[in-house]
Amino acid sequence: MREPIVIIGGGMAGGNAAATLRDEGFSGPVVLLSREPNVPFGRPPLSKTYLRSEEDLAGWYVRPAGWYAGHDVELRNGVVVAAVDPAAHTVTLDSGAELRYEKVLIATGGRNRRIEADGADLPGIHYLRTVAQCDAIKQEAVRGRTAVIVGMGFIGCEVAASLTQLGVRVTAVFPGRDPLERVLGDQVAGVMSAIHRANGVELLAGEQVAAFEGTSRVAAAVTRSGRRIECDFAVAGVGIEPDIPAVGVEQQNGILVDERCRASAPDVYAAGDLANHLHPLFGRIRVEHYNNAEKQGAAAARSMLGSTAPYDYVHSFWSDQYDHKLEYVGHVEKWDQFVVRGSVRDGKLIGIYLVDGIVRAAVGLDRGGDPELDTDGEMAACDRLVAMQASPAPAALSDEKTDLWSLAGPEARS
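Residues numbered from 1 in each chain as written. Predicted model: local features only at pLDDT ≥ 70, side-chain atom pairs only at ≥ 80, totals over all residues. Heavy atoms only, no water.

Let's talk about the sheet that holds strand S6 (residues 98-100)
- Sheet architecture is open: four strands sit in the order S6-S5-S4-S18, paired in mixed fashion. Strands at the two margins of the open sheet, each flanked by one partner only, are S6 and strand S18 (246-247).
- Relative to S6, strand S5 (residues 90-93) runs antiparallel, the two sharing three bridges. Residue Thr92 lies in a different strand from S6, and its bridge partner there is Glu98. (Pairing = 2+ DSSP bridges. Helix = DSSP H or I, 4+ residues; strand = E, 2+ residues; numbered from the N terminus.)

Focus on the side chain of Ser303
- Mapping Ser303 onto the fold places it in helix H7 (residues 290-304).
- The buried category is assigned to Ser303, whose relative accessible area is 5%.
- Contact partners of Ser303, with chain neighbours within four places excluded, come to Arg260, Arg262 and Tyr269. (Buried < 20%, exposed > 50% of the residue type's maximum accessible area, 1.4 Å probe, protein only. Contact = heavy atoms within 4.5 Å.)

Side note on the packing of aromatic side chains
- According to the stated counting rule, one finds 10 aromatic pairs in the structure shown.
- With a centroid separation of 4.7 Å and 15 degrees between ring planes, the pair formed by Phe317 and Tyr328 is classed as stacked. Within this pair, whereas Phe317 is found in strand S23 (residues 316-321), its partner Tyr328 is found in strand S24 (residues 324-330), the two being separated by 11 residues in sequence. Tyr328 carries the same exposure label as Phe317, and that label is buried.
- When the centroid spacing of 4.8 Å and the interplanar angle of 50 degrees are considered together, the rings of Phe338 and Tyr353 count as tilted. Here Phe338 is found in strand S25 (residues 337-343), whereas its partner Tyr353 is found in strand S26 (residues 348-355), with 15 residues between them in sequence. Side by side, Phe338 and Tyr353 carry an identical accessibility label, which is buried.
- Following the ring pairs from residue to residue traces out a cluster consisting of Phe154, Phe317, Tyr328, Trp335, Phe338 and Tyr353.
- One cation-aromatic arrangement involves Arg63 over Trp67; the distance from NZ or CZ to the ring centre is 5.6 Å.
- Above the ring of Tyr127, the side-chain terminus of Arg114 is found at 3.9 Å from the ring centroid. (Phe/Tyr/Trp six-rings, centres within 6.5 Å; stacked < 30°, edge-to-face > 60°. Lys NZ or Arg CZ within 6 Å of the ring centre and 35° of its normal.)

Observations concerning the nonpolar core
- If you look at the biggest cluster of nonpolar residues, it comprises 44 residues, and the most contacted ones within it are Ile149, Leu163 and Leu184.
- Looking at which element gives the most residues to this core, the answer is helix H4 (residues 154-165), with six residues.
- Ignoring sequence-local partners within four residues, the contact set of Leu184 consists of Met192, Leu326, Tyr328, Trp335, Tyr353 and Val363.
- By size, the runner-up hydrophobic cluster in this structure holds 28 residues, among which are Met12, Val39, Leu105 and Tyr311. (Core = buried A, V, L, I, M, F, W, Y, C linked by side-chain atoms within 4.5 Å.)

What to know about helix H8 (residues 378-388)
- Residues Met379, Ala380, Ala381, Cys382, Leu385 and Val386 constitute the buried set of H8.
- Buried residues in H8 make contact with S24, S26, strand S27 (358-365) and helix H9 (394-398).
- Gln389 lies just past H8 and shows a positive phi near 55 degrees.

Quick look at the pairing of S27
- Burial analysis of S27 places seven of its eight residues in the buried class, which makes it a mostly covered element.
- Looking at chain direction, S24 and S27 are connected through five bridges and run antiparallel. Residue pairing for S27: Val329 is matched across the bridge by Ala362.
- Where S26 lies against S27, seven bridges are found, and the strand directions are antiparallel. Paired with Val355 across the two strands is Ile358, which belongs to S27.
- A loop of two residues connects S26 with S27, the two strands running antiparallel in sequence, and Asp356 in this loop sits at a positive phi of about 50 degrees.

Describing the packing of helix H1 (residues 12-23) against H7
- At a closest axis distance of 7 Å, the pairing of H1 and H7 adopts a crossing angle of 40 degrees. Considering their axes alone, H1 and H7 lie oblique with respect to each other. In the packing of H1 onto H7, the handedness of the crossing is right-handed. From H1, Met12, Ala13, Asn16, Ala17, Thr20 and Leu21 reach across to H7, where they touch Tyr290, Ala293, Glu294, Gly297, Ala298, Ala301 and Arg302.
- Grouping the amino acids of the contact of H1 with H7 by side-chain chemistry returns eight nonpolar, three polar and two charged. (Axes fitted to C-alpha atoms, helices over the stretch in contact; angles between N-to-C directions. Parallel < 35°, antiparallel > 145°, perpendicular 65-115°, else oblique. Left-handed = near helix turned anticlockwise from the far one by under 90°. Nonpolar A, V, L, I, M, F, W, Y, C, P; charged D, E, K, R; others polar.)

What follows is the structure, encoded as structure tokens:
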């Protein structure tokens, strides 16, 4: 009997890999190892609709709960992998049990970075990654209570918005001038500041938490400048780091994989938040968004089945905050020109990031549509411009009279 394909990690990447193996006709044994108690699901509602008790998670399942047994996928929940031995083709569990594999996909995602401050272990200080962690925050989020949010990346921003919508008074402490400034740039980040302040969030920009105070549980956060903020609870959103079991493969800011999601050892693959991927367009990048986990897990499965197609997805993600929608396509960490289509002042715009005149990414705030659903929209056109490495004149990009699709060529919409 052949050894199984083993998938380590029961999130979006691992779940989609298992589903794709069966969808592509693979009939051999598949084992999916997950440390969490749930079936694989998408995490976006944990900071938004699920946190606000507006929907359950069933609509975010990769496959319905009964699909795994029905398709002969052995889903083992509550399992922690201690090590992977590429030479022996074995996975060792923390229980000491060993499992042989034919091929293995590591898709264990990330773990929350912890706050390094006095009192950071006090009860009432929460992180958000799992359903259990979200449920704990939901128990705290009672109208009229006060919360400190530490960090205003996407998780911090979305949790701040959700708690505010639930009637919690929120103070956010974060470095830099505006939320998401490093990712979006100062103009769009300035709009995000205005949105949060307009909804009642107190923003303490350029600050960091030096300590938490409290006896039986957190009662206040103290910043490095000495400001004391009383609170009933706190939520930290200071990023994640790759969560990688012991494995003898090349690593640097995650597991290094090639354009086909292959690690440096034979029959070892990686996908999702921990995969530092050699992208055909963007170079080596590690991406922590839902859309990537969904698509890269599927791509890794096809690669395990022999596909030679590179994973060349033009990345996109979204963020919902209050009644505002942010969409993003492409990938860029530094840019030398930012072109605005629309109005920063009115907070409805397409922003296009260029490097040496080439379109590398774009952001849409309350404009442009979902690039993967609104396929005729402006953000879909930006997706195409990124894929083409187009270099249109900035004046044409900003000109409302110019159809962005026309800059992508006559065949772009086909």
